[in-house]
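Residue-level structure breakdown
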Amino acid sequence: MLAKRIIPCLDVKDGQTVKGVNFENLRYAGDPVSLAKKYSDEGADELVFLDITATNEKRKTTVEMVQKVAQQVFIPFTVGGGINSLDDMKMLLLAGADKVAINSAAVKTPELISISSDYFGSQCIVVAIDAKRVDNDFFVFINAGKVNTGIKLENWVEEVQKRGAGEILLTSMDADGTQNGFDIEMTKLAAQNSSIPVIASGGAGANPNHFTDVFKDGYADAALAASIFHFNTLSVPDLKRELKKQGIEVRI
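These figures come from a predicted structure and were not determined experimentally.

The next subject is the overall build of the chain. On a plain count of helices and strands, the chain comes out with ten helices and twelve strands. Its C-alpha radius of gyration of 16 Å places the chain within 12% of the 18 Å reference for a compact globule of 252 residues. Its C-alpha atoms give the chain principal-axis dimensions of about 45 × 40 × 35 Å. Taking contacts inside the chain between residues at least 6 apart in sequence as the whole, the part at least 24 apart equals 66%. As displayed, the chain has an accessible area near 10700 Å², and 48% of this comes from carbon and sulfur atoms.

So this is what it looks like as structure tokens:
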């Protein structure tokens, strides 16, 4: 059985780590380079760095920041935000990223998934999906959660894996920043329609049961969190020790 992964996330705006609730009301959470080093040293399995305003501001993810973070970490490192082309991906991978995450660009140009996975290998391509409950279905949103695409989550999950994505980073917009627990129903829906790993994101609180639940009931392969780690309400080592006690296979 593959070990479940714990992944801290650095949401970056204007060169600083920030965290909000439901994609709004951002507050400062620390220096991304220092936080990245801390999480790497503590035993996080991977890191995700998201330049959260790059798409809406129509600019590229800060390469210099990626280089600085990559120099400090010794674990796989995924970068996303404002990535629209093979050249963008190449630039970030050369700067030290191990994987790139595409979100809005993948929806607008699905061929980018196929082309990039053929060029770099599917192991480098993560498709990030922001989804929200609308009536009784889950729909995919883009442009930092501002635009409802009208695409049902399960349909998009099936398409991105057919096009060669290596992994899905699924964020529940409803649960984001609430610390009330992951959206188990949404995660399970994605995982049951996916043959590639699903990373659950949005809603992690200081209660280790949130992680146990999303692994056992949501069938997630990895769980991503931000607030609880940034604001020291729960550390990566403490979380992993508790998960181990609860029978979840993790690397310690």
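Turning to the packing of helix H2 (residues 63–72) against helix H3 (residues 86–95), a few remarks are in order. Look at H2 against H3: their axes get within 8 Å of each other, and the N-to-C directions meet at 30 degrees. Taken together, the residues of H3 that come into contact with H2 (itself represented by Val63, Val66, Gln67 and Ala70) are Met91, Leu92 and Ala95. Taken together, the residues of the contact of H2 with H3 break down into six nonpolar, one polar and no charged.

The next thing to look at is unusual backbone geometry. At Asp135, a position not held by glycine, the phi torsion is positive, near 60 degrees. Of note, Asp135 is situated in the loop between strand E7 (125–134) and strand E8 (137–142). Overall, the relative accessible area of 69% leaves Asp135 in the exposed class. Phi is positive for Gln179, close to 60 degrees, though the residue is something other than glycine.

Attention now goes to helix H1 (residues 32–42). Burial in H1 covers these residues: Pro32, Val33, Leu35, Ala36, Tyr39 and Ser40. Along the axis of H1, the buried residues cluster in a sector spanning 165 degrees; they form a single face. At the exit of H1 stands Gly43, carrying a positive phi of roughly 100 degrees.

Before going further, it helps to spend a moment on helix H6 (residues 153–162). Taken together, the buried positions of H6 are Leu153, Glu154, Trp156, Val157, Val160 and Gln161. The arc that holds every buried residue of H6, seen down its axis, measures 160 degrees, which confines them to one face. Among the residues trailing H6, Gly164 stands out with phi positive, at a value near 105 degrees.

Turning our attention to the confidence of the model for the chain. Low-pLDDT portions of the prediction should not be read for the details of their coordinates. Taken over all residues, the pLDDT of the chain has a mean of 90, while the share at 70 or more is 91%. Taken together, the stretch residues 55–59 has pLDDT below 50 and engages in ten contacts with residues farther than four places along the chain or on a different chain.

Once that is clear, we can look at the packing of aromatic side chains. Here the structure, examined in full by the defined rule, presents four aromatic pairs. Judged by centre distance (6.0 Å) and plane angle (55 degrees), the rings of Tyr39 and Phe229 are tilted. Taken together, the residues span a long stretch of sequence, with Tyr39 in helix H1 and Phe229 in helix H9 (residues 227–230) at a distance of 190 residues. We note that Tyr39, like Phe229, is buried.

Calculation criteria
- Residues numbered from 1 in each chain as written.
- Predicted model: local features only at pLDDT ≥ 70, side-chain atom pairs only at ≥ 80, totals over all residues.
- Heavy atoms only, no water.
- Helix = DSSP H or I, 4+ residues; strand = E, 2+ residues; numbered from the N terminus.
- Rg over C-alpha atoms; globule rule 2.2 N^0.38 Å.
- Contact = heavy atoms within 4.5 Å.
- Areas by Shrake-Rupley, 256 points an atom, 1.4 Å probe, with all protein chains shown as cover.
- Axes fitted to C-alpha atoms, helices over the stretch in contact; angles between N-to-C directions.
- Nonpolar A, V, L, I, M, F, W, Y, C, P; charged D, E, K, R; others polar.
- Buried < 20%, exposed > 50% of the residue type's maximum accessible area, 1.4 Å probe, protein only.
- Arc of directions from axis to C-beta.
- pLDDT = per-residue confidence, 0-100.
- Phe/Tyr/Trp six-rings, centres within 6.5 Å; stacked < 30°, edge-to-face > 60°.

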